[in-house]
Amino acid sequence: MSRLKNQDVDIVLFDGVCNLCNQAVDFIIRHDSKDHFKLASLQDIPGQKLLKGKSINEDYLDSLVLLRKDKVYYKSRAALEIAKKLKGLWPLFYGFIIVPKFLRDSIYDWIAQNRYKWFGKRDTCRLPNEDEKSKFLTMNDFVC
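Cut-offs applied
Residues numbered from 1 in each chain as written. Predicted model: local features only at pLDDT ≥ 70, side-chain atom pairs only at ≥ 80, totals over all residues. Heavy atoms only, no water. Core = buried A, V, L, I, M, F, W, Y, C linked by side-chain atoms within 4.5 Å. Buried < 20%, exposed > 50% of the residue type's maximum accessible area, 1.4 Å probe, protein only. Helix = DSSP H or I, 4+ residues; strand = E, 2+ residues; numbered from the N terminus. Contact = heavy atoms within 4.5 Å. Bend = angle between axes of the 7 residues up to and from the residue. Pairing = 2+ DSSP bridges. Salt bridge = Lys/Arg side-chain N within 4 Å of Asp/Glu carboxyl O.

**Student:** What should I look at first to understand the nonpolar core in this one?
**Tutor:** The tendency in soluble globular proteins is for nonpolar side chains to be buried side by side. The biggest cluster of nonpolar side chains holds 17 residues, and the ones touching the most others in it are V12, F14, F37, L39, L64, L66 and I82. Elements represented by at least two residues in this core include exactly β2 (10-14), α1 (19-31), β3 (37-41), α3 (75-84) and α4 (101-119). Among the elements that make up this core, the one with the highest residue count is α1 (three residues). Leave out the neighbours within four places in its chain, and L64 touches V12, L13, F14, Y73, Y74, K75, A78, I82 and Y108.

Put into structure tokens, the structure is as follows:
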């Protein structure tokens, strides 16, 4: 079984063909000045390897997934946990954690179900540019 070399970072898994998800990734990259996060699409091998053995199906694409050590967060909780570690005023959004999960996730699910219709879809998964490569997981980040 493989594991990550550096387990001190949080991993954000996202739908690599979703334009909204890719905009969220761009946002995370711009506001993650302390390099808290590594990124991988849910469709690529690093993302799929990380989902193995977790309580989420490997073909799951409906949410951001945040992996923090042994914890798995998804839907609104993942977004709030990510916001908590971004620079600027974004950590204030973590205050929405007091909103009941069923309400937060209902809104999240509604957006997720309509994301392709509203924001579009790419034909292929996102590939990081040269400036972004260090933020994305590769197979070199795993040890066997």
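**Student:** Sorry, what's going on with unusual backbone geometry here?
**Tutor:** With glycine set apart, most residues show a phi of negative sign, and most peptide bonds adopt trans. If you check the backbone angles, D35 has positive phi at about 55° while not being a glycine. Mapped onto the fold, D35 is located in the loop between α1 and β3. One non-glycine residue, K69, adopts positive backbone phi at about 55°. Note that K69 resides in the loop between β4 (65-68) and β5 (71-74). Looking at K69, the relative accessible area reads 60%, which means it is exposed.

**Student:** Mind showing me how you'd approach α4 here?
**Tutor:** In an α-helix, one turn spans 3.6 residues, which is why side chains three or four residues apart end up on the same side. Of all the bends in α4, the greatest, near 45°, is centred on Q113. Taken together, the buried positions of α4 are occupied by R104, D105, Y108, A112, N114 and R115. Buried residues along α4 sit against α1 and α3. Taken from the residues just after α4, G120 is the one with a positive phi, measuring 90°.

**Student:** Help me understand the pairing of β5, please; the structure alone is not making it clear to me.
**Tutor:** Successive residues of a regular strand alternate their side chains across the two faces of the sheet. Sheet topology places β4 next to β5; four bridges connect them, and they run antiparallel. For L67, the partnering residue across the bridge sits in β5 and is V72. Counted along the chain from β4 to the antiparallel partner β5, the turn is two residues long, and its residue K69 has a positive phi close to 55°.

**Student:** What's the story with the pattern of salt bridges in this structure? I'm lost.
**Tutor:** Two side chains carrying opposite charge are able to pair once their charged atoms lie near each other. Scanning all chains against the criterion turns up eleven salt bridges. K135 serves as the salt-bridge partner of D35, at 2.9 Å between the closest nitrogen and oxygen. On the criterion of sequence distance, the pair formed by D35 in the loop between α1 and β3 and K135 in the loop between α4 and β6 (142-143) is long-range, its members being 100 residues apart. R68 serves as the salt-bridge partner of E81, at 2.7 Å between the closest nitrogen and oxygen. Highlighted residues: E81 in helix α3 and R68 in strand β4, separated in sequence by 13 residues. On the basis of relative accessible area, R68 is assigned to the buried category, the value being 16%.

**Student:** Got a minute to help me understand the pairing of β4 in this structure?
**Tutor:** Both faces of β4 are covered, namely the face carrying V65 and L67 and the face carrying L66 and R68. As paired strands, β2 and β4 are joined by three bridges and run antiparallel to one another. Bridging across to β4, V12 finds its partner in L66.

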